[in-house]
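Chains, contacts and geometry: an overview
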Amino acid sequence: MAAPEPDAPREPEALVDAETDPGVDHETDRDRDPDADAGMGRGANPDVAPDTNPDPDPDKDTDPEADAPPGPDPVTVPSMSAGPDFVLRPWEMSDLPLVREASQDPYIPLITTIPAHYSDAAAEAFVRRQWERAATGAGYPFAIVRSRDRRPVGSIGLWLRELPEGRASIGYWMVASGRGQGVTRAALRTVTSWALRDLGIPRLQLFIEPWNTASARIAVDVGYRREGLLRGWQRVGDERRDMAVYGLLNTDGTADGRAVTAD
């Protein structure tokens, strides 16, 4: 699986899960606080000094956020086909069985905010965080669903934290029941093509642990290029681990055998 950018929320921002890999790939610094994970700040701004003017202008807007720059716009997560066998769609409360299965995986809870100890309340909070990420413009979280029985088997996200700099990251994970069916490759290909062609994002990137050769092979098959090794890049469990970074530009010519910028 491929992890999200190191400073991004730690869900499906991003794991590159491999068909043959018994585990998951990575995501970013693991912040278990649901609010922090959703990228939302609450409370007063500590950098704003209190107003000490004893006689403020009554016509002056005293809202401390009145002149603040606008935040990211909300995004709408679409539903789209990922080949003949899988679809990508927004998360639903009906996906709690997927959260349960993911929580039992030895690796997924280490690199995402999937609860390590399942409860319905924790699973529902996880799903709401996916909705909140779209509502705050943090990114596009998708559930990966098998077409034949509508069973969710994984997650993939396109994360927009660095979009002002012209880049975004993709992360994903897959539960054991979804592996070995080509779903990871299909999902990554679909989101990659959509992000480069339809959204016009100049650069996409993945972060994959060096040992995860299956995930790396999937990334290369879709068109990503290994660009280097980031030492101690991300905390996984109790240790910091190296991550290989894979990138794809919308000017690279082809992705998975097709022109990235073609209509």
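Note that the structure is a prediction, hence the values are computed from the model and not measured. (Residues numbered from 1 in each chain as written. Predicted model: local features only at pLDDT ≥ 70, side-chain atom pairs only at ≥ 80, totals over all residues. Heavy atoms only, no water.)

Section: the side chain of S155
Along the polypeptide, S155 turns up in strand β4 (residues 151-159). Here S155 falls in the buried class, since its relative accessible area comes to 0%. Separated by 3.4 Å, the side chain of S155 and the backbone oxygen of F142 make a polar contact. (Helix = DSSP H or I, 4+ residues; strand = E, 2+ residues; numbered from the N terminus. Buried < 20%, exposed > 50% of the residue type's maximum accessible area, 1.4 Å probe, protein only. Polar contact = N/O pair within 3.5 Å; in protein donor to acceptor, adjacent residues only side chain to side chain.)

Points about the pattern of salt bridges
This structure, assessed with the given rule, holds 12 salt bridges. Two residues, D221 and R185, come together in a salt bridge whose shortest N-O distance is 2.9 Å. Remark: R185 occurs in helix α5 (residues 183-198) and D221 occurs in helix α6 (residues 213-222); sequence separation between them is 36 residues. Taking the shortest distance from any N to any O, the salt bridge between D252 and R225 comes out at 3.9 Å. Pair noted here: D252 is in the loop between β8 (239-249) and β9 (254-255) and R225 is in strand β7 (residues 225-236), with a separation of 27 residues, a long-range link. Given the relative accessible area of 49%, R225 is considered partly exposed. (Salt bridge = Lys/Arg side-chain N within 4 Å of Asp/Glu carboxyl O.)

Considerations on the confidence of the model for the protein chain
Caution applies to low-pLDDT regions: their predicted coordinates should not be interpreted in detail. Confidence in the prediction of the protein chain, expressed as mean pLDDT, is 78, and 70% of residues score 70 or more. Within the protein chain, no element has a lower average pLDDT than helix α1 (residues 34-37), which sits at 34, and none a higher one than helix α2 (residues 96-103), at 98. Low confidence marks residues 4-9, where pLDDT is under 50. Its contacts with residues over four positions away, or in another chain, come to 34 contacts. Across residues 11-70, confidence stays below pLDDT 50; counting only partners more than four residues off in sequence or on other chains, it has 190 contacts. (pLDDT = per-residue confidence, 0-100. Contact = heavy atoms within 4.5 Å.)

So, the packing of α5 against α6
The description of two helices packed together rests on the angle between their axes and the distance between the axes. With their axes 10 Å apart at the nearest point, α5 and α6 run at an angle of 40 degrees to one another. Relative to α6, the element α5 is oriented oblique. Considering how the two elements wind past one another, α5 and α6 form a crossing that is right-handed. Contacts between α5 and α6 involve T184, R185, L188, R189 and T192 from the first element and I218, A219, D221 and V222 from the second. Broken down by class, the residue content of the contact of α5 with α6 amounts to 4 nonpolar, 2 polar and 3 charged. (Axes fitted to C-alpha atoms, helices over the stretch in contact; angles between N-to-C directions. Parallel < 35°, antiparallel > 145°, perpendicular 65-115°, else oblique. Left-handed = near helix turned anticlockwise from the far one by under 90°. Nonpolar A, V, L, I, M, F, W, Y, C, P; charged D, E, K, R; others polar.)

Looking at α5
Residue pairs three or four apart in sequence face the same way in an α-helix, which turns once every 3.6 residues. Its 16 residues place the ends of α5 22 Å apart at the C-alpha level, agreeing with the 22 Å of an ideal helix rising 1.5 Å per residue. With respect to burial, α5 is a largely interior element, 12 of its 16 residues being buried. Of the residues making up α5, those classed as buried are V183, T184, A186, A187, L188, T190, V191, T192, S193, W194, A195 and L196. Two residues or fewer past α5, G200 is found with a positive phi of approximately 70 degrees. (Expected span 1.5 Å × (residues − 1).)

Examining the pairing of strand β3 (residues 139-146)
Burial analysis of β3 places 8 of its 8 residues in the buried class, which makes it a mostly covered element. With burial as the criterion, each face of β3 is covered, one bearing G139, P141, A143 and V145 and the other bearing Y140, F142, I144 and R146. As paired strands, strand β2 (residues 86-89) and β3 are joined by 4 bridges and run antiparallel to one another. Bridge pairing in β3 links L88 to I144. Sheet analysis places β3 next to β4, joined by 8 bridges and oriented antiparallel. Residue pairing across strands places R146 opposite R151, the latter belonging to β4. Between β3 and β4, which follow one another and run antiparallel, lie 4 residues, and R150 among them has a positive phi close to 60 degrees. (Pairing = 2+ DSSP bridges.)

A short note on the sheet that holds β3
By way of backbone hydrogen bonds, the strands of a sheet pair with one another, either parallel or antiparallel. An order of β1-β2-β3-β4-β5-β6-β8-β7 is seen for the 8 strands of this open sheet, with the pairing classed as mixed. Each edge of the sheet is formed by a strand with only one pairing partner; in this case those strands are β1 (80-81) and β7. Where β4 meets strand β5 (residues 167-174), 6 bridges bridge the pair, whose relative direction is antiparallel. Opposite G154, over in β5, you have M174 as the bridge partner. Relative to the sheet, α2 contacts β4 and β5, its axis offset from that of β4 by approximately 85 degrees.

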